[in-house]
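# Chains, contacts and geometry: an overview
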Amino acid sequence: MGLTGTVLAVDAGNSKTDVAVLDAAGEVLATARGGGFRPPTVGVERAMEALAEPVERALTEAGVPYVSHVSACLANADLPVEEERLAAAVTARAWGASVAVRNDTFAVLRAGVAEPRGVAVVCGAGINCVGMRPDGRTARFPALGRISGDWGGGWGLAEEALWHAARAEDGRGAPTELSRTLPAHFGLPTMGALIESLHLGHLAPARRHELTPVLFTTAADGDPVARSLIDRLAEEVTLMATVALTRLDLLTTPTPLLLGGSVLAAGHPQLDKALRTRLTAQAPLAEPQLVTAPPVLGAALLGLDHLGATPGALERAREHWAAARDRAPR
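Below is a short write-up of the structure.

Scoring rules and cut-offs
- Just so you know, the residues in each chain are numbered from 1, in the order the chain's sequence is written.
- In view of the model being predicted, local features appear only for residues whose pLDDT reaches at least 70, and side-chain atom pairs are presented and counted only at 80 or more, with totals across whole chains, interfaces and linings using the full set of residues.
- Excluding hydrogens and water, the side-chain values take into account all heavy atoms of the structure.
- If DSSP finds at least two bridges between two strands, the strands pair.
- Under the DSSP-based scheme used, a helix requires at least four consecutive residues in state H or I and a strand at least two consecutive residues in state E, with every element numbered from the N terminus.
- Whenever a helix is involved, its axis is fitted only over the stretch in contact; in every case the axis is a line through C-alpha atoms, and angles between N-to-C directions fall within 0 to 180 degrees.
- Put simply, a salt bridge is a Lys or Arg side-chain nitrogen that is within 4 Å of an Asp or Glu carboxyl oxygen.
- Per-residue accessibility, obtained with a 1.4 Å probe over protein chains only, is compared with the maximum for each type, and a residue is labelled buried under 20%, exposed over 50%, and partly exposed between these values.

## Brief notes about the sheet that holds strand E8 (residues 138-140)
Sheet strands line up and pair through hydrogen bonds in the backbone, either parallel or antiparallel. Taken in spatial order, the five strands line up as E8-E7-E6-E9-E10 in an open sheet, and their pairing is mixed. Single-partner strands in this sheet number two, and they are E8 and strand E10 (286-290). Here the average twist between neighbouring strands, direction ignored, is 15°. Across three bridges, the pairing between strand E7 (residues 127-132) and E8 is antiparallel. Paired with Val-130 across the bridge in E8 is Arg-140.

Structure (structure tokens):
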């Protein structure tokens, strides 16, 4: 007799939410997409209301009122206490008989490995790292920014670039082309003009994210200060990965190292070379690879793991998203 059960897989990020309903054989019964999941901004209740819209759409399309297990990988579930609160909120919605809530970085990790074993580093707007073993052991960081010891991510790189550029222009720091390229991106003549525009709100704070690609372009053109920031990011990614591998007793074992997020996925030659050089020296048995599968696949695989699904079921789920990627317009 075959395995029975259904999974509700949720990958809820700051900008968008992907949802899928699967059966225990790995067949995808329905999918849906919704907006971002931002409890710190709007509160848990409003965030859950936004999450409910795509979830209930997917359940309706799948023809099931609830599932056996909810596997939810959520942004802003950075601390165990936050995972517990969000798990209670998801449980109260009665979408499934059991609920597991994890930080969304675990979805990236599980999407890229054949079994729940490996380490993932994600560098997008922020930076985070998690690791897992099949026995349930995990490694993670709070990933709350500078207060939890983090350095890097797109936002952090933009802030560092602004800091160096401002000091270069007023004489407190080493000369750098960043003092020209950053304001020029916004059509401004000087760092003083850019600082004023940011401070007075003439430029929306979110537009600082646009400066990260400018930093990489300036580094590619040979600017020493910009290049030093790229090298520092490679050091941080390597350090996080090495610490996670060590915590899980995987540093001396060939282990997948998944790299995800917009910064690491962009294919910057200096960053890629610096990262691989450092990994070779500090974690030579790590097997770095870029994650191209969507994180909702990782949430689905974690849910199927919970059901005890067969390798064939796991592969069937992978094939669904691989086919969807192939059908997507280029």
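## Section: the pattern of salt bridges
If charged atoms from side chains of opposite charge come close, those side chains can pair. For the structure on display, the rule yields 16 salt bridges. In this structure, the salt-bridge partner of Glu-115 is Arg-117, at a minimum N-O distance of 3.1 Å. Notably, a salt bridge pairs Asp-170 with Arg-172, separated by 2.8 Å at the nearest N-O pair. Of the residues examined, Asp-170 reaches a relative accessible area of 44% and is grouped as partly exposed. Ionic contacts of the salt-bridge type, sharing partners, join the residues Lys-16, Asp-18 and Arg-33 into one network.

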